[in-house]
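Chain by chain, the residues:
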Amino acid sequence: MERKKLLLIFSVGILICFGTAPNCTQINSITEKDKSKYSLVSSIGVMNFELGDMYLDLYRMSKKNNKQNFEKTIEHYKQGLRFEPENVYYNNRLGYAFHLERRLNEASKQYTNVLRLDPPQSVTPEEFELAMQLAPRLYVNPKEFFALEDAVVILHPDQPIIEYSLFWDDDINYPHDNDPTDHEKVWIEYDPENGNIVNVYTYFHRAILSTKKAVEDAREHHNRALINVQWGSHGSLPFGWENIPRDQMVVKYAHIDKPGTIGNMRNSYQKHVVSTYNPNHPLSKEWPKKFKGSWQDYITFTQYIDLTEIIGKKKMVMKSRWSNAVIDKYFLDYQFYPKLEWPSEVP
């Protein structure tokens, strides 16, 4: 990483030395000078944005030097935005980084800027109906302790994909994290010509899961995908999750080639059947201390939750590229943990 950083700094040094030379013969008009300056400014911005992304990868990847990696992330994003203040993507990245550390005032300020640069749109009655028609079928374990408190739906303005953000009352392992809810996500990709589902993606402990069987099952059920929800921790599982290879349940990074591994359902069961992560915390005194039952009990999902009822009642539906910003500024009046916006992106 240090080598890449030095190469980037060296490249910008070359630009500074040669791109702005007062007697350079290549620049023979004001317009070309302006273009050269813009190119230099843009290159410095890009360098800082990439460094910010690398440090954010390191922050997300390891607990070692987390404070240092986080501060470097913020430093480089801010430097990049000095040169490109209206770069909406990196205004959002800066807000997301602040949000990860629960620096909520700073995150909210950035989100305001994001939505100023790229305002969200209200959905049409037809789009609202589409969100209802494609809402997944949610099933939880009969021993599930937490209720589904809220659901926010975000339609992408340019691509045929819908995000369903689910907010559970809490996470069985994290009474201490200062997040009053557990934020999880499901994405439904559809054919804009006929409305049929073409892909189902779920968020499972920072990994994105998807199966062909989930699409087949959805089409057999009026284009409503089946999503099973993990006991207590609420990782979302698509139909056919049992057959996803272990090496595909990974966390991907922007600038680190080696993906991170996560625990699968079997790992979670082996932990939960012994104890939850923080069973003696004062806020969890009424919570289950462990999962009582067999492996088969753990992977039984028979309790149905009607997601359309929640969506229809609260009507938290909007169109935007920036779901964390929209949820923060338009819908929820409580803290939530941010998640990546779309399954094709690297958080």
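For the structure, check the block above.
Along each chain, residue indices are assigned from 1 in the same order as the chain's sequence is written. Selection of residues for local features in this predicted model requires a pLDDT of at least 70, selection of side-chain atom pairs for listing and counting requires 80 or more, and totals for whole chains, interfaces and linings are taken over all residues. Excluded from the side-chain calculation are hydrogens and water; included are all heavy atoms of the structure.

## Structural notes on the packing of helix α4 (residues 88–100) against helix α5 (residues 104–117)
Thought 1: The axes are straight lines fitted to the C-alpha atoms, using for helices just the contacting stretch, and the angles between their N-to-C directions are given from 0 to 180°. Going along the chain from the N terminus, every DSSP run of H or I of four or more residues is numbered as a helix, and every run of E of two or more is numbered as a strand. Relative orientation of the contacting elements α4 and α5 amounts to 160°, with a least axis distance of 8 Å. By the angle between their directions, the pair α4 and α5 is classed as roughly antiparallel. Regarding α4 and α5, the two cross each other, and that crossing is left-handed. Across from V88, N91, N92, L94, G95, Y96, F98 and H99 in α4, the residues of α5 making contact are L104, E106, A107, Q110, Y111, N113, V114 and L117. Each angle gets one of four labels, with under 35 degrees taken as roughly parallel, over 145 as roughly antiparallel, 65 to 115 as roughly perpendicular, and the rest as oblique. Handedness of each helix crossing follows the sense of rotation of the near helix against the far helix: counterclockwise by less than a right angle gives left-handed, clockwise gives right-handed. Working rule for contacts: check all heavy atoms of both residues, and any pair within 4.5 Å makes them a contact.

## Overview of the side chain of S320
Thought 1: Relative to the assigned elements, S320 resides in the loop between β12 (317–319) and α11 (323–331).
Thought 2: In the analysis that follows, any N or O atom pair within 3.5 Å is treated as a polar contact, provided that within protein one partner can donate a hydrogen and the other can accept it, and provided that, for residues neighboring in sequence, both atoms belong to side chains. In this structure the side chain of S320 is engaged in a polar contact, spanning 3.0 Å, whose partner is the backbone nitrogen of W322.
Thought 3: Apart from residues no more than four positions distant in its own chain, S320 is found in contact with L115, P120, I154, L155, H156, P157, V326 and W342.

## Structural notes on the side chain of D217
Thought 1: With respect to the helices, strands and loops of the structure, D217 is situated in helix α7 (residues 212–220).
Thought 2: Contacts of D217, omitting those with residues within four sequence positions, involve R137, L226 and F239.

## Regarding helix α10 (residues 307–314)
Thought 1: A simple rule labels every residue: compare its accessible area, found with a 1.4 Å probe on the protein chains alone, to the largest value its type can have, and call it buried under 20%, exposed over 50%, or partly exposed in between. Residues of α10 that are buried include every one of L307, T308, I310 and I311, and no others. Across the axial projection of α10, the buried residues extend over an arc of 160°, all falling on one side. Away from the buried face of α10 by more than 90 degrees, exposed residues E309 and K313 are located.
Thought 2: Packed against the buried residues of α10 are α6 (125–133), β1 (137–140), β2 (148–155), β3 (161–168), β11 (303–305) and β12.
Thought 3: Note on α10: the residue one or two positions beyond its end, K315, has a positive phi of about 55°. Our arc is simply the arc of the directions from the helix axis toward the C-beta atoms.

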